[in-house]
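Listed below, chain by chain, are the residues.
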Amino acid sequence: MRRLRGSAFAAGVAMLAAWTLLPIYLVAIGGFGGPDAVYRWPKSFWPENLSLDTFRRFVAIGGIWQATEQSVKVALITVVLSLALGVPAGYALARLRFRGATTYRLVILLTRAFPVGILALPLAVSFARFGLYDTALGVALVHTALALPFAVLVTASLFVGIPRELEEAAWVFGCTGPGAFRRIILPLALPGIAATAVFSFVLSWNEVFAAAVLTLRHRTLTAFLLTVLSESPLHIQLAGGFMLIVPSVLFIFLVRRYLFAMWGIASR
Amino acid sequence: MRRDRLLAYALIAPSILFLAVIFLIPLGQTIALAFTRHGTFGLANFARMAGDLNFRNAVANTLGLVIVVVPLQLALALGMSMMLRHLKRGRELILWIWSIPLGVSDLAAGLVWLGILTEKGYLNTILYHLGVIHGPVSWLTYETPLALFIGILVAEIWRATAIIFVVLVAGTQLIPAEFEEAASVFGATAWQRFRRVTVPLLRPSIQTALILRTVLAFEAFAVVLAIGGQNFPVLLSQAYLWQDTNQDYGVAAAYAVLIMLITLAATLFYLVALRPRAGEVA
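Throughout, residues of each chain are indexed from 1 in the direction in which the sequence is written. All chains are assigned letters beginning with A, and all ligands numbers beginning with 1, in the order in which they are written. Given that the model is predicted, a residue must reach a pLDDT of at least 70 before its local features are reported, and side-chain atom pairs must reach 80 or more before they are shown or counted; all residues, however, enter totals for whole chains, interfaces and linings.

Participant: Outline the domain arrangement of chain A, supporting the account with residue identities and numerical values.
Facilitator: Residues and elements named next belong to chain A. Where each domain begins and ends follows an automated or database-derived domain assignment. Domain boundaries assigned for chain A yield domain 1 (1-50) and domain 2 (62-266). If you average the C-alpha positions of domain 1 and of domain 2, the two centres end up 32 Å apart. Taken together, the contacts link eight residues of domain 1 with seven residues of domain 2. Any residue outside Ala, Val, Leu, Ile, Met, Phe, Trp, Tyr, Cys, Pro, Asp, Glu, Lys and Arg is labelled polar, Gly included; the first ten of those are nonpolar and the last four are charged. A class-by-class count of the residues in the side of domain 1 that touches domain 2 yields five nonpolar, three polar and no charged. Note on contacts: each residue gets a C-beta atom placed from the backbone, and two residues are in contact if those atoms are within 7 Å.

This is the structure in structure tokens:
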């Protein structure tokens, strides 16, 4: 009886894992298989005629490559901005006592219960006025608003986890405040900060709505794929979907240790 | 101490300034845009929005999607986090696999499921081999609204259950195993332990997960467009249509205000409905 329940449990776990992975597998063989695989009927569940050629052709289609470059650019600016604004604030929350700290934390949390994407609608109008419309920086500003709350709360939790005594010891041995931060705290917090950076990158890389509203000719990859949805053939769309997924899966693998710290803290 | 305080304000000031500029100004602009049409203040944009043919469908589709998808996802994520708690080997691997969709963009998820659900897709291939259908059948048109709805539902469950799962796992890690063991010593069944010990202790995490997920569900956009196109209008896709295709920023802003109000109402609902109750451990 116990054996039976054990194997039913294992089967359940395996099925849920398959449910997650199977669609990714299917889009991969669809994207690499090219038109022949996509329009074949009935479909084969095994990879056939996989070729980089299809992929190269997909990338060569006007705009895809530029769009990918644009996506990377936007995501990198987002990473820099959210770390530059978020890490100092996280340090202040973790180490210093000041009036309004609780309110500040609450405000940061509340921004997450707000549909940030729709802010792009009026911003399209005012960005046009400041020359930010259709630029990487403009899109990155909105993406930073998405990523900043994470950056603040996650770095705060990182700094809380580093014993204050280490910093104080550095002061005793003659380090200045900034010096102690740079030599002692930063190296210890670096893996976590890197995870925050990766997470900000993925947030930006994946965002569709604001990117589509705020760009016209310099589309990010998501915005580009969205706007050609109705006109491009299916195998191109599948290849595009696969291209979007690959970095995300890798990134989730890289930050998996921090994933739970992130969401756990961010929820309190 | 005083120096500390000054330093703290100096450190948080840039982020406050940034958030104020990027949140408050567009927020004010949205409201201003929504309530003025051709220079006159009023509800003309809202009238125009409500008078649009697709408006009722968009509201019904969005609400329907949220009401069906969020409870299903919560149940699934609760089950998954309980399974993970009892998993002995391969915990790390399963954790990673189950959280993969967290990194997948909604557009990519939509494209993935489009490939599966399309006329000559994998689903129809399976149905064909099972003898259910005899040739390619299209499920994603306006003539098959139920199939289209289920298709989008499945894609949403595949993509966005992970976020609830991760928040819940983070929450379960804070619950000492002793609590359940104690309940078990006193003769509680597995279901009773789940219902009376685990779920009440998880309530703050459940609340957070529901708020996050519901806000995002009201913003469903790229999944819907990829799978259903304009056959399945939702609020955000209508806002996008008015902004980008019709170039009518007023009506788009009216949609934005509507989405904000609905989101706010949902958040308040969860805050009240799932508040800590008297006599419970917070």
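And the narrative resumes.
Participant: Describe the nonpolar core, with residues and values.
Facilitator: Residues A:A120, A:V142, A:L214, B:I227, B:A239 and B:Y255 are the most contacted members of the largest nonpolar core, which totals 159 residues. Starting at the N terminus, helices and strands are each numbered in turn, a helix being any DSSP run of H or I of at least four residues and a strand any DSSP run of E of at least two. Per-element tally for this core: the top contributor is helix α6 (residues 136-160) of chain A, with 17 residues. Non-local contacts of A:V142, meaning those with residues more than four positions away in its chain, are made with A:L119, A:A120, A:L123, A:A210, A:L214 and B:I22. Note on terminology: a nonpolar core is any set of buried Ala, Val, Leu, Ile, Met, Phe, Trp, Tyr and Cys residues joined through C-beta atoms within 7 Å. Any residue surrounded by 20 or more other C-beta atoms within 10 Å of its C-beta is treated as buried, while 12 or fewer makes it exposed and the intermediate range makes it partly exposed; C-beta atoms here are placed from the backbone.

Participant: An account of the packing of helix α3 (residues 55-86) of chain B against helix α7 (residues 145-172) of chain B is requested, with residue identities and associated values reported.
Facilitator: Residues and elements named next belong to chain B. Under this scheme, a helix contributes an axis fitted over its contacting stretch, all axes are lines through C-alpha atoms, and angles between N-to-C directions fall in the 0 to 180 degree range. At a minimum axis distance of 7 Å, the contact between α3 and α7 shows a crossing angle of 45°. Taken as axis vectors, α3 and α7 run oblique relative to one another. The way α3 lies across α7 gives a crossing that is right-handed. Grouping the constituent residues of the contact of α3 with α7 by class yields 18 nonpolar, four polar and two charged. Oblique is the label for any angle not under 35 degrees, not over 145, and not in the 65 to 115 range, which are roughly parallel, roughly antiparallel and roughly perpendicular in turn. Left-handed is the label given to a crossing in which the near helix is rotated counterclockwise from the far helix by less than a right angle, and right-handed is the label when the rotation is clockwise.

Participant: Can you lay out the interface of chain B and chain A for me, pointing to particular residues and giving the numbers?
Facilitator: Accessible area lost when the parts come together is the quantity often used to give the size of an interface. Opposite the 81 residues of chain B that make contact, chain A presents 72 residues. If one sorts the elements of the side of chain B that touches chain A by residue count, helix α1 (residues 2-35) of chain B sits on top with 17 residues. Its residues placed into classes, the side of chain B that touches chain A shows 56 nonpolar, 19 polar and six charged.

Participant: Describe the environment of A:L141, with residues and values.
Facilitator: Relative to the helices and strands, A:L141 resides in helix α6. Each C-alpha atom, one on A:L141 and one on A:I77, is 8.4 Å from the other, the two residues being 64 residues apart in sequence.

Participant: Tell me about unusual backbone geometry, residues and numbers included.
Facilitator: The residue A:D134 is not glycine, and still its phi comes out positive at about 65°. Examined against the element boundaries, A:D134 turns out to sit in the loop between α5 (120-130) and α6. The backbone of B:H38 sits at a positive phi, close to 50°, despite the residue not being glycine.

Participant: I'd like a description of the domain arrangement of chain B, backed by residues and values.
Facilitator: Residue and element names in this part refer to chain B. On domain assignment, one finds that chain B holds domain 1 (1-42) and domain 2 (54-273). Computed over C-alpha atoms only, the centres of domain 1 and domain 2 are separated by 31 Å. Counting from both sides, the interface comprises six residues of domain 1 and, opposite them, six residues of domain 2. Secondary-structure elements contributing two or more residues to the side of domain 1 that touches domain 2 are α1 and β1 (36-37). Tallying contributions element by element places α1 first for the side of domain 1 that touches domain 2, with four residues. When the residues that make up the side of domain 1 that touches domain 2 are grouped by side-chain class, the tally is three nonpolar, two polar and one charged.

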